[in-house]
Structure formats: C-alpha cells, structure tokens
Amino acid sequence: MRNIFHLHGSDGKCLKKKFLACILLCAAMLSSCQSGGDAPSASVTTDGAVTESVSAEATVSAEEIENTSATEKISETDTESVSDTSEKISETAETEISPAESTSETEPDSASGQAVSVTETSASETSPPITETAAPQTTTTTAATTAAKPVEIIIPDVKVPLASGASVFSEEKAEVDYGNASDGYISVVYNGSSAQAKLRIANGSVQYDHDISVGGKRDFIPLMGSGSYSVKVYEHISGKNFAPVLSGEFEVKLKNETDTYLYPNKYVNFSKSSACVKKAAEVCAGKSGDVEEIAAIFDYIADNISYDKQLAATVQSGYIPDPDKTLASGKGICFDYASLFAAMCRSRGIPARLVIGYAEPNIYHAWNEVYTDETGWITPELFLKKKGYNITDATFYSSNSDKEKIAGYISDDKNYTAMYRY
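Rules used throughout
- Residues numbered from 1 in each chain as written.
- Predicted model: local features only at pLDDT ≥ 70, side-chain atom pairs only at ≥ 80, totals over all residues.
- Heavy atoms only, no water.
- Buried < 20%, exposed > 50% of the residue type's maximum accessible area, 1.4 Å probe, protein only.
- Helix = DSSP H or I, 4+ residues; strand = E, 2+ residues; numbered from the N terminus.
- Arc of directions from axis to C-beta.
- Polar contact = N/O pair within 3.5 Å; in protein donor to acceptor, adjacent residues only side chain to side chain.
- Disulfide = S-S within 2.5 Å.
- Phe/Tyr/Trp six-rings, centres within 6.5 Å; stacked < 30°, edge-to-face > 60°.
- Lys NZ or Arg CZ within 6 Å of the ring centre and 35° of its normal.
- Salt bridge = Lys/Arg side-chain N within 4 Å of Asp/Glu carboxyl O.
- Expected span 1.5 Å × (residues − 1).
- Core = buried A, V, L, I, M, F, W, Y, C linked by side-chain atoms within 4.5 Å.
- Contact = heavy atoms within 4.5 Å.

Time to look at helix H11 (residues 403-410). Within H11, the full set of buried residues consists of Lys 403, Ile 406, Ala 407, Tyr 409 and Ile 410. All buried residues of H11 lie within an arc of 160° about the axis, which places them on one face of the element. Here H11 starts with a cap whose side-chain oxygen sits 3.1 Å from the backbone nitrogen of Lys 405, and that cap is Asp 402.

Here is the structure:
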C-alpha cells in the first residue's frame, strides 16, 4: 500500500523520497486555500413544507418530512458492488475483495494502553566469497541486532458530549437539550411509544432530518455552524403520517467552528475505551503532527478494511455505522469507512467530517473531509489537484487497484457533490 500522500512527477509515477519536506511544502502552499471551517454551503433544504395546526394531533406525511439524512438514504449508498463502481470510475474490472488479515506480528501490543517498547532485529550475512581450492573454505554468518527506538502507545483523552440540562425543551414524549450547543452539538430523547421518531433541525436555509432512537435512548446530533436554529421532534402515527410532539428555537454562537467535528455523535460514535481509539493511537505512534497522523490512519483503513458487497446489497433504511464493529470485521460500506476514519481522526484531536452526497456517475456515497491548521479543510476540491494529497475517500481508494487513476478521479471536484456533513 502506498503512503496516501503522493507527489506525482511528469512521468505519472509516485515519488516517495523526501516525504516530510514535500508535506511541509504542500501545507504551506495550501494555506492560502484555507476555508476557515465555514458552515456547509453545499447542503440543501427539504422541499416539502410541514403544515401544522395548534393541536398536537396535527399530522404530516412522510413525504413532508422527507428524510434527508444518511440514516434514511443510506440504503441507496453503494448498492452496486465496488467492482461495478470501479469499472465506471477507472474502466478496470475489480477483483474480489477479501476480508482484511490480522494485524502484523510486529505491531506493538497495547492492550493495556501502557507504553510499549518495540525492538526490531535484522540479520545480515557477512560470508566471504568462496573460492575452490584444495583446502575447504569456512563460511561464517554473523547476526547483527539493532534496537529500534522505543515507540510509546498512549491512549488519549477524547471529547465527551454531555446533556447538561442547562437549556432544555421538554414535553412528555420528548426532550431536546441544547445546553452545550456552543460546542457544536445538541442531544434529543424520545420517550413515546411509537416505533419511529424523527428530528428536524434547521439553521436558516440549511435543514437536516434525522431518524432518532426510540425507547428513551439519547442521541447526540451535530449542528451546522453558528446561527438561529429551530428543532422539531415527530413521532410516527400510522402509514406515512407523523405528528409533532416538541418544537423550539435557540441561538448558537460556536466557541470554535471546528469543534463540532471533534465530538462523537450519532454517526461517528466512539469513546476513550473504543477499539478504534486504541487502534488510532497505535498507528499514529511515533508520527509527527496532524498531517502524518492523517496519513497513517488513512493508510491503515485502506489496507485493512475491505468493501462489504453483501451489506451493500442488503442494507436497510436507518442503518447506522459502528466504527468498532467495522474495525473488528475488517469490512464495511462507504458509510462505515467514513465513520471509522472520522472517529480515528477525532480521537487524535483532528477535526474530521463525515460527508454524504453524490459521486459521479450518480453514486450515493460517503467520504471525509479533514482539517489542519496548515491547510484548512482538506476536501476533494483541495487535495490531489493541488500538491499530491490522496485522502478523504478511503472506500474508492481502498477498492481500486489502479491507485494513480483513482487518485485522479478523487482529485476532480466535479466528481463530488456534498449534501450533508456530520
């Protein structure tokens, strides 16, 4: 597997020499493109307006609450096999993708989360040339042992979302806690008896609908930047009809525009004890700076997670990725790739978005955008085209054998249309 950061020469071949120098140069040249973490501009609103009366029994149809979230439309994502997608993108037939193999034997054992010293040994033969003479010659082999610099594996603290109770909208069947909205998220709980519930959240013209958990489970939902918000909770009544059970409005001024993409949420779920957090600590051990850590995480996922064709063909509406499950199984669909990548980056303090939208030709797809102080948001529009970044679309990169060609595809901003960022 190539390192994800490639600097292409005029002959089209990848040069890996002077990696760090290239990265620093890339970061400096990209700094002028920094977007500053602006709120998503590519997102769209739901066309259908919800008509409500004063009565709590007023209902709306499912069409009016058109779920524009990943949970409702993910069943359309990657329903074709990756081989079909690869043929459309690279005109190269994809071979069968096998599950990832277990971790290399030389990988540090960090089950305890404690520091681990890794020693590597190598042997070289120092035999002299053998010349045929009357007397037999003696050949000797000497083993040279070299101790590598110890690598320390440290499981970091991660952001923990809270329901502070300081600012709450509450009714008998639902609660929305926006006490930590300045950190970039809210939480919602549905306590009614319906088997299906939804949250509609709007910030100006940007509007997202989310399937939410039932049975009193709390979901943490990311916000879409600073601004004036309205939220509404709906419960399923019958057929395609939903009734509003709670609504409210509040103002948000984010402390930092990138904080939203550091916290766990419904779609990027992790904690300090998560396996994906431990794995991120392992693959990033000894790396210097965000750029190297992003590269290490991307390389690990692209090398060890294979595309799950069976899940792609059978996935149902409401599917939510589980980064630890993806890591354990070694396979997933694009939603799983993007969730795992975001979780691992966020656990390292690197803001990462899970993006839902369309990739050419008309493929409902998930990918990532990451943020560094040197570059701003690294997106398909910004990276490969500029200075050799190959990042953000682990699904396509992992499953396509022609890395140079798929890198060219990923670098073309016309191939990606972002709709939702989580």
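Turning our eyes to something else, we now look at the state of the cysteines. Per the stated rule, a full pass over the model turns up zero disulfides. With no disulfide of its own, Cys 345 has Cys 284 as its nearest cysteine by sulfur position, at a separation of 7.7 Å.

The next thing to look at is the packing of aromatic side chains. Inspection of the entire model under this criterion finds 16 aromatic pairs. Here Tyr 229 and Phe 250 contribute two aromatic rings whose centre-to-centre distance is 5.5 Å and whose plane-to-plane angle is 5°, an arrangement assigned as stacked. Residue Tyr 229 is found in strand E10 (residues 227-238), and its partner Phe 250 is found in strand E11 (residues 241-252); the two are separated by 21 residues along the sequence. The same class applies to Tyr 229 as to Phe 250, namely buried. Taken together, a centroid distance of 4.4 Å and an interplanar angle of 35° make the contact between Tyr 267 and Tyr 422 tilted. Here Tyr 267, found in the loop between E11 and helix H4 (275-284), pairs with Tyr 422, found in the segment after strand E17 (416-421); they are 155 residues apart in sequence, far enough to count as distant. For the pair Tyr 267 and Tyr 422, one class covers both residues: buried. Ring-pair connections join several aromatic residues into one group, and the members of that group are Tyr 208, Tyr 267, Phe 335, Tyr 420 and Tyr 422. Above the face of the Tyr 397 ring, Lys 403 is positioned so that its terminal group lies 4.8 Å from the ring centre.

Summed over the entire model, instances satisfying the criterion amount to 11 salt bridges. For Asp 211, the salt bridge identified is with Lys 198, shortest N-O distance 2.9 Å. Pair noted here: Asp 211 is in strand E8 (residues 206-212) and Lys 198 is in strand E7 (residues 197-203), with a separation of 13 residues, a long-range link. Neither Asp 211 nor Lys 198 differs from the other in exposure class; each is buried. Between Asp 219 and Lys 266 there is a salt bridge whose closest N-O contact spans 3.3 Å. Of the two residues, Asp 219 sits in strand E9 (residues 218-222) while Lys 266 sits in the loop between E11 and H4, which places them 47 residues apart along the sequence.

Attention now goes to helix H8 (residues 334-347). Over its 14 residues, H8 runs 20 Å from end to end, which matches the ideal 20 Å to within 8%, given 1.5 Å per residue. With 14 of 14 residues buried, H8 is to be regarded as a mostly interior element. Trailing H8 by a residue or two, Gly 349 shows a phi angle of about 80°, which is positive.

Turning our attention to the nonpolar core. If you look at the biggest cluster of nonpolar residues, it comprises 81 residues, and the most contacted ones within it are Ile 186, Val 233, Ile 301 and Met 344. For this core, the leading source of residues is H8, giving 10 residues. Beyond its immediate stretch of four places on either side in the chain, Ile 186 contacts Val 176, Asp 177, Tyr 178, Ala 181, Leu 199, Ile 201, Asp 219, Phe 220, Ile 221, Leu 223, Val 231 and Phe 250.

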